[in-house]
Structure formats: C-alpha cells, structure tokens
Amino acid sequence: MSPEQKLLIDFILSCHPDAMNEWERLRFASMTAAYAGVVYPEVRVVSVTPASSCRVRLELPASGAAALVAGFQACDPRLFAFLAEVGGAEGVLRIEAAKPESPAGATDTSEKGLETLIFTSMTAFGWIAGDPSDYDRDYSVDLVQLTAFLQRTQEAVSSELQLGSDNPERRKLLARLQAEITSRGVIDVLRHGIKHNKHELTLFYGAPSPGNARAAEFFAANRFSVSRQLRYSRDETRRALDLCLFINGLPVATFELKNSLTKQTVEDAVEQYRRDRDPRDLLFKFGRCIVHFAMDDQQVKMCTELKGKASWFLPFNQGWNDGAGNPPNPYSLQTDFFWKRIFTPRGLTGVIENYAQIVEEPNPKTGKKRYKQIFPRYHQLDVVRRLLADVAWRGAGRRYL
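What counts, and where the lines are drawn
The numbers attached to residues start from 1 for each chain and follow its sequence in the written order. Local features in a predicted model are, by the rule used here, given only for residues with pLDDT of at least 70; side-chain atom pairs are given and counted only at 80 or more, and totals for whole chains, interfaces and linings are based on all residues. The basis for every side-chain value is the complete set of non-hydrogen atoms in the structure, without hydrogens or water. Here, nonpolar core means buried Ala, Val, Leu, Ile, Met, Phe, Trp, Tyr and Cys residues that are tied together by side-chain atoms lying within 4.5 Å of each other. Three exposure classes are used, based on accessible area relative to the maximum for each residue type with a 1.4 Å probe and protein chains only: buried under 20%, partly exposed in between, and exposed over 50%. The contact definition used throughout considers only heavy atoms, calling two residues in contact when any of these lie within 4.5 Å. Only strands joined by at least two bridges in the DSSP assignment are considered to pair. Under the scheme used here, helices are H or I runs from DSSP no shorter than 4 residues and strands are E runs no shorter than 2 residues, and both carry numbers assigned from the N terminus. Here a salt bridge means any side-chain nitrogen of Lys or Arg lying within 4 Å of a carboxyl oxygen belonging to Asp or Glu. Fitted lines through C-alpha atoms give the axes, limited to the stretch in contact for helices. The angle between two N-to-C directions lies from 0 to 180 degrees. Should an angle fall under 35 degrees it is called roughly parallel, over 145 degrees roughly antiparallel, and 65 to 115 degrees roughly perpendicular, with every other angle called oblique. Residue type decides the class: Asp, Glu, Lys and Arg count as charged, Ala, Val, Leu, Ile, Met, Phe, Trp, Tyr, Cys and Pro as nonpolar, and the leftover types, Gly among them, as polar. Sulfur atoms of two cysteines make up a disulfide when they are within 2.5 Å.

Asks: Could you give me a rundown of the nonpolar core, with the residues and numbers involved?
Replies: If you look at the biggest cluster of nonpolar residues, it comprises 59 residues, and the most contacted ones within it are F293, F316 and F338. Once residues within four sequence positions are removed from consideration, F293 is found in contact with T254, F255, E256, Y273, V300, K301, M302, F316, F338, F343 and F375. Counting residues in each nonpolar core, the second largest holds 30 residues, with V43, L68, F80 and L83 among its members.

Asks: Can you explain the sheet that holds strand 11 (residues 240–247)? Please cite residues and give values.
Replies: Spatial strand order, 5-10-11-12-13-14-15: seven strands in an open sheet with mixed pairing. The open sheet is flanked by strand 5 (128–129) and strand 15 (314–315), the only strands paired with a single partner. Here strand 13 (residues 291–295) runs beside strand 14 (residues 300–303); their pairing, made up of four bridges, is antiparallel. If you follow M295 over to strand 14, its bridge partner there is V300.

Asks: Please give an account of the environment of P327 that cites residues and values.
Replies: On the secondary structure map, P327 appears in the loop between strand 15 and helix 12 (336–342). Classification of P327 by relative accessible area gives partly exposed; the value is 21%. Excluding its chain neighbours within four sequence positions, the residues that come into contact with P327 are Q318, G319, W320 and Q334.

Asks: Requested: an account of the pattern of salt bridges, with residues and values cited.
Replies: Tallied over the full model, the rule gives 28 salt bridges. In this structure, K340 and E96 form a salt bridge, with 3.4 Å as the shortest nitrogen-oxygen distance. On the criterion of sequence distance, the pair formed by K340 in helix 12 and E96 in strand 4 (residues 92–97) is long-range, its members being 244 residues apart. Judged by its relative accessible area of 4%, K340 is buried. According to the relative accessible area criterion, E96 is buried, its value standing at 3%.

Asks: Account for the packing of helix 1 (residues 22–36) against helix 2 (residues 62–73), naming residues and giving values.
Replies: Between two packed helices, the angle of one axis relative to the other and the distance separating the axes together describe the packing. Orientation of helix 1 relative to helix 2, taken along the N-to-C sense of each, is 90°, at an axis distance of 9 Å. As the angle between them shows, helix 1 and helix 2 are arranged roughly perpendicular. Counting all contacts with helix 1, which are made through T32, Y35 and A36, the residues of helix 2 involved are G64, A67, L68 and G71. Of the residues contributing to the contact of helix 1 with helix 2, the split by class is four nonpolar, three polar and no charged.

Asks: Describe the state of the cysteines, and please don't skip the residues or the numbers.
Replies: This model, assessed by the stated rule, comprises zero disulfides. C54 carries a free sulfur, and the closest cysteine sulfur to it, the one in C15, is 4.2 Å from it. On the accessibility criterion, C54 (0% relative accessible area) is buried.

Given below as structure tokens:
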C-alpha cells in the first residue's frame, strides 16, 4: 500500500500565538494525533500565526485530517476533551481544510475568482483536479477518472473490457452504465455497482470501519474529482458549468457561482439553472446527478431535480441569529463552510451512504407513482452528526427532545 496522502488543516484557536511554546505545540500535535487515529510522527505543526486569534496549521494523513474536520463539524465532545488544554469547545473556534496561500496582489472578486478559490481549496484537500476535456457528453462520464479507478481496483475486468481505448467493448460498458443510471439513479449505482455480461463492477468504495486496513485501502482508491468550466452540452451552444463534482468518473453535483461584489447573487445562479440548464440534457436528467447548487459568497441553495422554470431550490445555509443566511466569517467568505467542512471526500461519502436516496411517492388522489430524489439540507446533516457524536461519547439513555 502506498503512503497515505498528507493534507493541511487549520485550527483557529482563541489563544494568542505567542502563548504556544515549543512544548505546547508538540503536546497539541500529539493530542490531535490521538483523536484522529494516526501515529504522532506523521503529524507536523507547519505554522502558528495570527488569524484574528491564532491559526495553527497541521500536516497529517488524509484520514486523520478528515476525522478532525468531521469531528469539529459534529461538535464531537470527545474532540474537545482531547483539546481541553487549548480551551476545548470554547477555545477551538474552527477546524477546516487549510486555505491555499494566495499570490501577492489584488484580490479577485469576480465570479471566476470565487470559482478559483473553491477549486484550489478542494484540490488541496483530497479532490483531484479534473480536466473538462475528459468529459464524454454522449455518456455523461469523465472517461479518464472512470478508467483510472477501474484499472486500479478491478484490473482484470478493466483489461478484458479494453477500457484504455475507444472500441465496441468499452462503448457497450458505457451504454450499460448509462442505462443503469437512467433506471436506478446514480446513488444506487454508486452504492451497489452494476452487472455487465459476466462481470460485477464496483463503482464506489464506502467509508472504512475503524481498524479495517483493507477497507481503508479500497476507500483511498476512490477518485473524487472536480472540473471547472465543464462543457456538457452536445449542441452548438456548448454551454459550460462553473464546477462539476465526480466520483470515479460519475457526475454527482453541479455548481453555478455568482459573486455579490459584482452585483450578482445566488438568486441569479438559481435563475441561470431555471433558464439555461435544459433538464433534457443528459447531465441534468433526473437521477443523473445527486444535487445542483447555486452559490455566491454569502448563501447556498440546492435543487435535486431540474424542471426549467419550475425548479425548486432550498437554502443550504447555517443560519444566523435564529434566522436565514450564514454568520459573518472574519477568516474568509460566509459560504466557505461548504467546501472546507461539508463537501470533503469523507463528508460526501457519508451523505451518499446514509442520506441521499430516491424515494417513491404515490399520488393520494390518482395513485400514480412518482419518484423524488432526496439530499439532506445543512441543518439535517448537522443535527444528526452532532447527535451521533454526543451518543458515542456519553452513551445511550440521554434525552434529546
């Protein structure tokens, strides 16, 4: 097994950076390693700098980084117990994917600037930078990522199906994959794979249980990729999406981005989906992607089924002062929680395994069945993760309602 990828994460602490001497930094790293389940020598304190308080940047294995971000997002009491020496829940203000260092110069406040910020942040924390030219519009897959995943995890099948070149066998497999997603939806295909002739293909490996090294190796073989300016349309317009997320070559989420500093907001992104994103295009057909996001620097909205002007978008925000929106963020944009803490590879895996689904709903008047795709909103995710973390720490028997 190859060495696990190292990632950078930032701790924002309430203490002053000068308050952490060398011994306290080593102690902080050791307690962090203990919670994250990685060996202490693999954790390195990269820097301790001011950041409206104190920013401690650590480098550690990807699995440990994901565990720390998820633990903070769930307000895990166990995490704060491990970090009691820096103030616990009161002293740890944020734990998130480290923001890549920006080159000196003026800040880019355009829509493209927001796209660049999200793309560079995600690719610095476990996402692969996809190439939009690898996208096959006829089958709605990233051929390079799909082929790389199958060659690494199911080499014999990949070789027999001749995935490395364009040929009838590969086209038959892609047609089969497209038919299965059309019939069952991408969520079920990721969870259960597909059968093709005599082969059973696994298309996604779920999160490993603690201590299961083989499952961890399979999970690490997944290819979470993000592509910019994806030209999805087969007609002459060649329309492009700002961002598209893929798992092992299968598209799972799309993004339209706006920046309020240029007088366009999340509502403009919603209108762009309703007006310009034709639900008859393969990428936007029901069940092909799990969710579609409209986003600016202040708010996020989501939709699970595009229907032109009838597309229904719901907020995907943290809330602020018992109301809508997101709290002020002295460290970055108000919406950076989305890509720094929610849409990490491990976070998205949890959503696919435990929340996202297609459900059948009969019409009470006509009895006719209709299908509805479910994706959790922010507060649904947040409350379940917090409850699970609290029960894991305190045990069963407590009341939460």
